[in-house]
Each structure stands twice: as structure tokens, then as C-alpha cells.
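Structural characterization, general
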Amino acid sequence: MIKKINNKLESINASLVNTIIFFIGMLLIVIAFLVNIPDWKNVLLSIGCSLIASTVVTYLSSKYLVKLNRIKNLIDIWGLSAIYETRQEMNRSTDIAFETLENNLDIIAWGLKSFRDAKDKIVREKVKKGLKIRFIAPSPDSYYVKQREIDEREVEGQIKKTIIDLEQWIDSLKITAPDSNNIQIKYYNSLPEDFYFRVDDYIYLGPYQWGKSSQQTISYEFKGVSSKGFIYYNDYFEKLWSSQEFCKKDNLNDNYN
């Protein structure tokens, strides 16, 4: 907070000095027109124009640097690598990150039917090598699942089926894994969480929006385990995962309804 205040004060002071220099330049030009001595007139005009030109250049440069620093802050500090107009577009980046995936795959989503269909083989290969998967999904009989089917204009029971299929897929991965504890799924029954997809050092996320399928919503990419964006969302996932109040290991529908 103190650093932000200091930066703001420095910016105000720099702008004030630049403004004063600009008006000094203007004053010198006005004086030059009032002076009848040619040599003095030329000197005053030259100095005045130089001061005004320098303040204009400084102003434009400072605006560019401020914008550049904001971009640098988003990339270097927050780790924001990309913003995708649709999740479908984002999938191209996740495909690339998936090639080097070795350790952690953490997901908050619904049924991920397209992902399971496209990545089943490669996921099984990586699971055999020790990949750990943690999945948080809505309880298939949750009211919110029914509502999401309405929101996405899906056939009744469609999303519920993808979650049930997901559960069966997770069970089959446990058989493949060297340690069945490497593959886990938990269920929740509350307002839908945003889509969350961690692939080792990358985190992809985005909202679920009314009237749109999940593949058509804006999505974001954060890179680097030490970046503020990665740490923020990773910590939030860990909080959800460890909360027995939020999610449960078993799909105990009777407890949810």
C-alpha cells in the first residue's frame, strides 16, 4: 500500500514539474515577442520552444511507460499470459501445455466430455507414469446441474450424464494408476464454481455464462508457480479441496438434496 502511494506521489510530482516547465517555455515565447532586441528574441524563442518540445516528449513517453508498466505488471507479477475470446480457442494452448504435463492435473468443471474424448489415451499414459489428478465436479443430482442444463439450453439430463460418465472415467483411471490415491474426485452442491484447469505450471480458467455453452465463454491463462495469479487460484483450489464443508469424496446424493 505504501509503495503504491509513493509511486502515485512520484507520478504527481513528475507531472507537476513537467507542467511548470511547459508554462515557463510558453512564458519565454511570449516575452520573446515583446522584446525588440533580435538576439534576445532568438534566444528566448529557442529556449522556449525547446522547453515546450521537451515537455511534450516527456508527457508522451510517460504515458507510454505507464501503459508498459501496467502490461509488465500483468505479465511478470500476475503471470497473465493470455486472454481467449472462447474456451475453444484456449484449448489450443492447453494442448501444447499438456504435452509436457508430468505431475499435477487439477480441475473444476462439469463433465468435460470433449476433453475425455480427445485426451483419454494421453491421460492414461501419463497416469501410468505417476500423474496425479484431482477433480472437483458438481453432484450430478444437484439442482444447479439441472439449472445449468436450462441455462445452456441442453437436453434435460445431458450434463448430469456427462458427470456420471466422468465418475466412471475416473474409476477406470484409478485402475491404471500405480497408486489409486493419485486419482481423486470430489463433489459439491453449491453455486457453480468457475472452470479451473491446472496443468503443472499453467492455470486456465473462465466463467460459466448464462445462455452460452462453456466452450464459448471468455477464458484466461496464468503461467508460473511463483506468479500472483497462479498462487491466488491454486490456493483457492486447495482451500476448496480440503474443505469437507464444501465438497465430499463420495457422490452422496442423499446428503446433497
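Residues numbered from 1 in each chain as written. Predicted model: local features only at pLDDT ≥ 70, side-chain atom pairs only at ≥ 80, totals over all residues. Heavy atoms only, no water.

What follows concerns unusual backbone geometry. Look at Leu112: it is not a glycine, yet its phi comes out positive at around 50 degrees. Among the structural elements, Leu112 can be located in the loop between strand 2 (104–108) and helix 4 (113–128). One non-glycine residue, Asp200, adopts positive backbone phi at about 50 degrees. Under the relative-accessibility criterion, Asp200 is labelled buried at 14%. (Helix = DSSP H or I, 4+ residues; strand = E, 2+ residues; numbered from the N terminus. Buried < 20%, exposed > 50% of the residue type's maximum accessible area, 1.4 Å probe, protein only.)

Right, let's talk about the environment of Ser139 for a bit. Locating Ser139 in the fold gives a position in the loop between strand 3 (132–138) and helix 5 (143–151). Owing to a relative accessible area of 1%, Ser139 belongs among the buried residues under this scheme. Residues Ser139 and Ile163 lie 24 residues apart in sequence; the distance between their C-alpha atoms is 7.8 Å.

A separate point is the packing of aromatic side chains. In the structure shown here, the tally under the stated rule is twelve aromatic pairs. Considering the side-chain rings of Phe195 and Phe197, the 5.9 Å spacing of their centres and the 10 degrees angle between planes classify their relative orientation as stacked. No difference in accessibility class separates Phe195 from Phe197, as the two residues are buried. By way of ring pairs, the aromatic residues Phe98, Phe115, Trp169, Phe195 and Phe197 are connected into one cluster. The residue whose ring lies beneath Arg134 is Trp241, and the NZ or CZ to ring-centre distance is 5.5 Å. Above the face of the Trp210 ring, Arg153 is positioned so that its terminal group lies 5.1 Å from the ring centre. (Phe/Tyr/Trp six-rings, centres within 6.5 Å; stacked < 30°, edge-to-face > 60°. Lys NZ or Arg CZ within 6 Å of the ring centre and 35° of its normal.)

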